[in-house]
Amino acid sequence: MKVAYWPGCVSRGFTPELHGSMALVGPRLDLEMVELNRANCCGAGVIAEHNQELVDTLNARTFALAQQTGASMMNICSTCQGAQSECQQRLDADDAYREHINTHLEPEGLRYEKGGDWSNKNLLWLLVEEIGLDKLRERVVRPLDGLRVAPFYGCYIVRPTGRLGYDRFPHRDKYLEHVIETVGGTAVEYAGSHKCCGFPVITMAKATSLRQAGRHLADAIDADADCLVTPCPLCHLNLDLQQPDAAKYVERDLNIPVLHLPQMLGLAFGLDPKELGMDKHVVKTRDVQRKVAELAAA
Amino acid sequence: MRVNGKSALACNTQLGDALARAPGGEIVVEPMGNMPVLKDLIVDMDAVHWKKIQRVVPWLLPEGEPPEREYIVEPEAMIDITQSMACIQCGVCVSACLSMEVDPEFIGPAALAKAYRFVGDPRDAHTEDRLSDLAEDPHGIYDCTHCFACIEVCPKDVAPMNQIMRLRRHATGDYGIKDRNNGYGHEKAFVDIIERYGTLHESQLLPRSYGQGSLIRSQVEPRALKQLIESLPTAVAGLRSGKVSPKAALIHHKLPDQEQIRRIYHEIETGDGERLELNLYIVGEEGEGGAAEQDPSTGDGSEASTVPGEAGTERGGAEQ
Ligand code: SF4
Ligand code: SF4
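Residues numbered from 1 in each chain as written. Chains lettered and ligands numbered in written order. Predicted model: local features only at pLDDT ≥ 70, side-chain atom pairs only at ≥ 80, totals over all residues. Heavy atoms only, no water.

1. Quick word on the site of ligand 2
Surrounding ligand 2, one finds 13 residues, the nearest of these being B:C87, B:C90, B:G91, B:C93 and B:C154. Tallied by class, the residues present in the shell around ligand 2 amount to 10 nonpolar, 2 polar and 1 charged. (Near = heavy atom within 4 Å. Nonpolar A, V, L, I, M, F, W, Y, C, P; charged D, E, K, R; others polar.)

In structure tokens, the structure reads:
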């Protein structure tokens, strides 16, 4: 399956292990990924806060570049998904508005067309809706038996449901659990799975931000999770990179590893944790690696 | 109350729907969140919700003598605030708010939506004071974590988070309020970095945010420098883990056609200063010619409210 692949900024910046692990996992899911190297930042909600016309134009540009490849678009970031869906909703809702935005793309020879089968889906949605859990199951060579994984979605991919296609796909808020179970792990239930990691306010309201991250991590630990898994690299920044600081705000030890979605898939596909960049986390993933190594030996 | 863990108005929740979503076939009802429980399902809305509404001075503050009869306002000038005026003060958003869950002092979605109702009202004479009050408050507009929970649960489609984003847009874009919470700096830093590089250069985001958008100011102003130093352990942890290479931290690639991004910025940001916004709450989501519903006289929608200077612009609209 061919996809126009938008990796996002953070996967090529502060979470390079996400970009790297996706490159390894993609071919094993028969994904032909045409990377959109000329596309721009989705705005992550901040450019939308600043100027709506600007953010809609920037994302229409990305969509237009994706449409040039003749394939639908795939992203690997909850925040990209939400920010881009918001723009797409406005662009698709109003012909005159879309035409106006397209005038900004004209000098570059680009144009965003509404409709048809064209879609923009996060890897998580693609896995369940296009690739299919059966095929995913077929590709598993090392079922993650006994690994207790706490799902963490990221706000942008679960709310608002009205904008994110939940009318057509009402179970999108359960996909992470489905994927965890499909690769052999146990999905852990805990309070924070669909809540906010706090990242958007890390520079403006640090206590609010890190108390959120810390609380969800603590809840996952209390529910006996071995690790978290997330389809959002921005959540990863607050949950992993900031975890030592978050521990101070909730006044307890945390120390629970956080995996990117492709890393978890890669482990189940038998890939080497090092190749998947699991040594590039702030919170060490040793225990998860050890558990997985035991599985391989068994 | 909360139905199956989700904040909702009981009076417009269908039992059948609630049952369909009930885990284990049993509907769970609980009192509203973020407010002290008085008894059973009753919470103290006075102590939280109404106190916060009071906090934002929820009445008009016009200047000068009141007119003899009524204030005359162009109907178009009020379109922008119709969404926040639709609020019925039910408190469902307050119950669901994820920032309030960890910071009870956060002013919160309902009160901030109410604040926008007056900030956007052309009759009010204290727009800037209101904005700077809410920007400077550590529990104000920059304490909202942008989680969409309030948008998801509001039974009247007020989209409180969008009203908060609108407050931020007015505070930074229109009034240039350089608040002590780095709200101005964060927005400016992010927007400028994308104009310069096309994709996000994370290692510049923090210092620029602390320096009101400027890299230099972040290193010479004592307050900014202090915050920068406090964030150093996290940066060092990132470098040590190998996830951030020193090279990646310093050098960031520009897009191959970065001049196109600059051109788009230029086309949109310079001009008559009007911001174009499409408010789906107002124009609806009908698709073809949806905006034409606004003004039946345009018929085919070809002059829909999306051209700067008409009804779909800043004064006349906003996103849903
Ligand atoms: S978006 Fe902001 S105001 Fe709304 S629920 Fe989340 S934190 Fe609260
Ligand atoms: S904004 Fe919506 S949810 Fe919040 S109090 Fe008003 S009507 Fe209720």
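Continuing now.
2. So, helix α9 (residues 206-222) of chain A
For α9(A), with 17 residues, the first-to-last C-alpha span of 24 Å sits near the 24 Å given by 1.5 Å per residue. When we look at burial in α9(A), the residues that qualify are A:T208, A:S209, A:L210, A:Q212, A:A213, A:G214, A:H216, A:L217, A:A218 and A:A220. Among the structural elements, β5 (148-151), β7 (227-230), α10 (233-241), α11 (243-250) and β8 (258-260) of chain A together with α5 (98-102) of chain B are those in contact with the buried residues of α9(A). One or two steps after α9(A), the chain reaches A:D224, where phi turns positive at roughly 70°. (Helix = DSSP H or I, 4+ residues; strand = E, 2+ residues; numbered from the N terminus. Expected span 1.5 Å × (residues − 1). Buried < 20%, exposed > 50% of the residue type's maximum accessible area, 1.4 Å probe, protein only. Contact = heavy atoms within 4.5 Å.)

3. Thoughts on the domain arrangement of chain B
Along its sequence, chain B is organised into domain 1 (1-30), domain 2 (36-61 + 76-177 + 281-288 + 310-320) and domain 3 (183-259). Summarising the inter-unit geometry, the C-alpha centres of domain 2 of chain B and domain 3 of chain B are found 30 Å apart. (Domains from an automatic or database assignment.)

4. Description of a nonpolar patch on the surface
Taken together, the side chains of B:L225, B:I229 and B:L232 present a nonpolar region at the surface, about 250 Å² in accessible area. When you line up the elements, B:L232 lands in helix α14 (residues 232-240). (Patch = residues over 30% accessible without salt bridge, like charges linked within 9 Å, V, L, I, M, F, W, Y side chains within 5 Å. Areas by Shrake-Rupley, 256 points an atom, 1.4 Å probe, with all protein chains shown as cover. Salt bridge = Lys/Arg side-chain N within 4 Å of Asp/Glu carboxyl O.)

5. Concerning the packing of helix α3 (residues 52-68) of chain A against helix α16 (residues 258-269) of chain B
As a packed pair, α3(A) and α16(B) sit with axes 10 Å apart at the nearest point and diverge in direction by 150°. In terms of orientation, α3(A) and α16(B) fall into the roughly antiparallel class. Our pair here, α3(A) against α16(B), has a crossing hand that is right-handed. Contact residues: A:E53, A:L54, A:T57, A:L58 and A:R61 in α3(A); B:Q260, B:I261, B:I264, B:Y265, B:I268 and B:E269 in α16(B). Among the residues making up the contact of α3(A) with α16(B), the classes are represented as 6 nonpolar, 2 polar and 3 charged. (Axes fitted to C-alpha atoms, helices over the stretch in contact; angles between N-to-C directions. Parallel < 35°, antiparallel > 145°, perpendicular 65-115°, else oblique. Left-handed = near helix turned anticlockwise from the far one by under 90°.)

6. Quick word on the pairing of strand β1 (residues 2-6) of chain A
Residues and elements named next belong to chain A. Here β1 lies mainly inside the structure; 4 of its 5 residues are buried. With 4 bridges joining them, β1 and strand β2 (residues 32-35) adopt parallel strand pairing. Among the inter-strand pairings, K2 is bridged to a residue of β2, identified as E32. Following the chain from β1 across helix α1 (residues 16-28) to the adjacent parallel β2, one finds a crossover that is right-handed. Bridge count between β1 and strand β3 (residues 73-75): 3 bridges; the pairing is parallel. Of the residues in β3, the one forming a bridge with W6 is N75. (Pairing = 2+ DSSP bridges. Right-handed = clockwise from strand over helix to strand, strands pointing away.)

7. Some thoughts on the packing of aromatic side chains
Taken as a whole, this structure holds 4 aromatic pairs over all chains when the rule is applied. A ring pair is formed by A:Y112 and A:W118, whose centres lie 6.1 Å apart and whose planes are at 65°; its orientation type is edge-to-face. Residue A:Y112 shares its accessibility class with A:W118, and that shared class is buried. The structure contains a cluster of three or more aromatic residues connected by ring pairs, namely A:F63, A:Y112 and A:W118. Over the aromatic face of A:W125 sits the side chain of A:R172, whose NZ or CZ is 3.6 Å from the ring centroid. Directly above the aromatic system of B:F118 lies the positively charged group of B:R117, at a separation of 4.5 Å from the ring centroid. (Phe/Tyr/Trp six-rings, centres within 6.5 Å; stacked < 30°, edge-to-face > 60°. Lys NZ or Arg CZ within 6 Å of the ring centre and 35° of its normal.)

8. Here's the deal with the confidence of the model for chain B
Residue and element names in this part refer to chain B. Mean pLDDT over chain B stands at 84; residues scoring 70 or higher make up 87%. Low pLDDT, under 50, characterises residues 287-320; the predicted model gives this stretch 99 contacts beyond four residues in sequence or across chains. Both scores are given for the predicted complex: the pTM is 0.91, the ipTM 0.95. (pLDDT = per-residue confidence, 0-100.)

9. Structural notes on the side chain of A:D94
Residues and elements named next belong to chain A. For D94, the position within the fold is in the loop between α4 (78-93) and α5 (95-105). Buried and unpaired, D94 has no salt bridge, with R98 as the nearest side chain of opposite charge at 7.1 Å. At 3.1 Å, the side chain of D94 forms a polar contact with the backbone nitrogen of Y97. (Lys, Arg positive; Asp, Glu negative; His and termini not counted. Polar contact = N/O pair within 3.5 Å; in protein donor to acceptor, adjacent residues only side chain to side chain.)

10. Section: the site of ligand 1
All names here are of chain B. Around ligand 1, the structure places 14 residues, and the nearest of them are C97, S99, C144, C147 and C150. Secondary structure elements with two or more residues in the shell around ligand 1: α5, α8 (149-153) and α9 (160-174). In the shell around ligand 1, the residues fall into 11 nonpolar, 3 polar and no charged.

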